[in-house]
Amino acid sequence: MTQHFPTADGFMTGRIRSRYIKYAIEAGLLPSNAHDLPEIKGLTAPADQNQPIQFWQLFSRLGPDRIVKIVGDFYVRVYEQEPWFKDVFEAVSGIGHHINTQASMWADCMGGGPYYHGGEFRLNFHHTHNAMALMNAKGATLWADLMKETLDHNDALFRFDPRIRPAINTFLSYFMDKYATDFGFENGFDFGPVNPKFKT
């Protein structure tokens, strides 16, 4: 196993973790006492390779550089798209801004510490004001396709721990389900295999 990176709660970590654990208990993916289990609630990925990595534990395995690499590759793809899509991002700022802000949001949610100032309020404001034109089935479908392409292309970043990609897919699927509910479009997005059921 490679190193574990130091972790800390961020501006979004606690609330996102609590909501996901509640959802996963109801879905039968986590045990009923998941809120009390350090290997689930903690920010460091379990040493037991048979247990999945929860998405708030991803920073402990990925660290900051891999997160920036993934997000950077994604936005290169975004800025190569047709105007109806890329212009929404360009109207906010250049590619560097989007890489920094999304990488900060990922690191914050994934247990890296307080990276994403403003937390959920900032994220919600961005989607309802800056990105509203893409918060629909057409925009979400292209976003999801580009992210899946990005993850598939960067497979070498995850090979040292096969639990990482399913944890990222779980993270993305959870947020896309939230956006589909919030903005009224159907959630049929598939990033690939997600976390298996936690083994008790």
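Keep in mind that this is a model prediction, so the values were computed, not measured.

What follows covers the confidence of the model for the protein chain. Taken as a whole, the protein chain shows an average pLDDT of 91; of its residues, 92% reach a score of 70 or greater. Within the protein chain, the lowest mean pLDDT, 63, falls on helix α6 (residues 119-130), and the highest, 97, falls on helix α3 (residues 59-78).

Once that is clear, we can look at the packing of α3 against helix α7 (residues 137-153). Running from N to C, α3 and α7 cross one another at 130°; their axes reach a closest spacing of 9 Å. Classified by the angle their axes make, α3 and α7 are oblique. In terms of crossing hand, the pair formed by α3 and α7 is right-handed. For the pair formed by α3 and α7, the contact residues are Ile70, Asp73, Phe74, Arg77 and Val78 on the first element and Trp143, Leu146, Met147, Glu149, Thr150, Leu151 and His153 on the second. Its residues assigned to classes, the contact of α3 with α7 comprises 7 nonpolar, 2 polar and 3 charged.

All right, on to empty space enclosed by the protein then. With the rule as written, the count across this model stands at 1 cavity of 30 Å³ or more. Residue lining of the largest cavity: Tyr20, Leu29, Leu30, Pro52, Gln54, Asn195, Pro196, Lys197 and Phe198, and that is the complete set. Across the lining of the largest cavity, the residue classes break down as 6 nonpolar, 2 polar and 1 charged.

The next subject is the side chain of asparagine 195. Relative to the helices and strands, asparagine 195 is located in the segment after α8 (164-183). Polar contacts involving the side chain of asparagine 195 include one to the main-chain carbonyl oxygen of isoleucine 53, which spans 2.8 Å. Here alanine 167 takes part through its backbone nitrogen, which lies 3.3 Å from a polar atom of the side chain of asparagine 195. Dropping the residues within four chain positions of it, asparagine 195 is found in contact with Pro52, Ile53, Gln54, Arg163, Pro166, Ala167 and Thr170.

This part is about the layout of surface pockets. Size it by volume and the second largest pocket reaches roughly 270 Å³. Surrounding the second largest pocket, Arg19, Tyr20, Tyr23, Leu29, Thr170, Ser173, Tyr174, Asp177, Lys178, Thr181, Val194 and Asn195 form its lining. Looking at the lining of the second largest pocket, the elements that each hand over two or more residues are α1 (13-26) and α8. Considering each element in turn, the lining of the second largest pocket owes the most residues, 6 residues, to α8. Of the residues belonging to the lining of the second largest pocket, the class tally is 5 nonpolar, 4 polar and 3 charged.

Take the pattern of salt bridges next. Scanning all chains against the criterion turns up 10 salt bridges. Aspartate 155 is the partner of arginine 159 in a salt bridge, and the nearest nitrogen-oxygen pair spans 2.9 Å. In this structure arginine 159 comes out as exposed when scored by relative accessible area, which is 62%. The class of aspartate 155 is partly exposed, set by a relative accessible area of 32%. Look at the salt bridges and you will find they share partners, linking Arg61, Asp161 and Arg163 into a network.

Parameters and conventions
- Within each chain, residues carry numbers counting from 1 in the order of the written sequence.
- Only residues with pLDDT of at least 70 are given local features in this predicted model, and only at 80 or more are side-chain atom pairs given and counted; all residues enter the totals for whole chains, interfaces and linings.
- To obtain the side-chain values, all non-hydrogen atoms of the structure were used and water was disregarded.
- By definition, pLDDT measures how confident the predictor is in each residue, and it falls between 0 and 100.
- What counts as a helix is a DSSP run of H or I of at least four residues, what counts as a strand is a run of E of at least two, and both are numbered from the N terminus.
- The convention used is that axes are lines fitted to C-alpha atoms, helices contributing only their stretch in contact, and that angles between N-to-C directions extend from 0 to 180 degrees.
- The scheme is simple: roughly parallel for angles under 35 degrees, roughly antiparallel for over 145, roughly perpendicular for 65 to 115, oblique for anything else.
- Two helices that cross are described as forming a left-handed crossing if the nearer one is turned anticlockwise from the farther one by less than a right angle, and a right-handed crossing if clockwise.
- The criterion used for residue contact is that any of the two residues' heavy atoms lie within 4.5 Å.
- Note on residue classes: Ala, Val, Leu, Ile, Met, Phe, Trp, Tyr, Cys and Pro are nonpolar, Asp, Glu, Lys and Arg are charged, and everything else, Gly too, is polar.
- Residues are called lining when one of their atoms sits within 4 Å of a cavity or pocket point, these points coming from a 1 Å grid over the protein atoms alone, where a cavity is a set in which a 1.4 Å probe fits but cannot get out and a pocket is an open set with protein on both sides within 12 Å along at least five of seven lines.
- Grid points are joined across faces, edges and corners, and a volume is the space filled by probe spheres set on the points.
- Two N or O atoms form a polar contact when they lie within 3.5 Å of each other; inside protein one atom must be a possible hydrogen donor and the other a possible acceptor, and for residues adjacent in sequence the pair counts only when both atoms belong to side chains.
- Whenever a carboxyl oxygen of Asp or Glu lies within 4 Å of a side-chain nitrogen of Lys or Arg, that contact is scored as a salt bridge.
- For each residue, the accessible area found with a 1.4 Å probe, counting protein chains only, is set against the maximum for its type, and the residue is called buried under 20%, exposed over 50%, and partly exposed in between.

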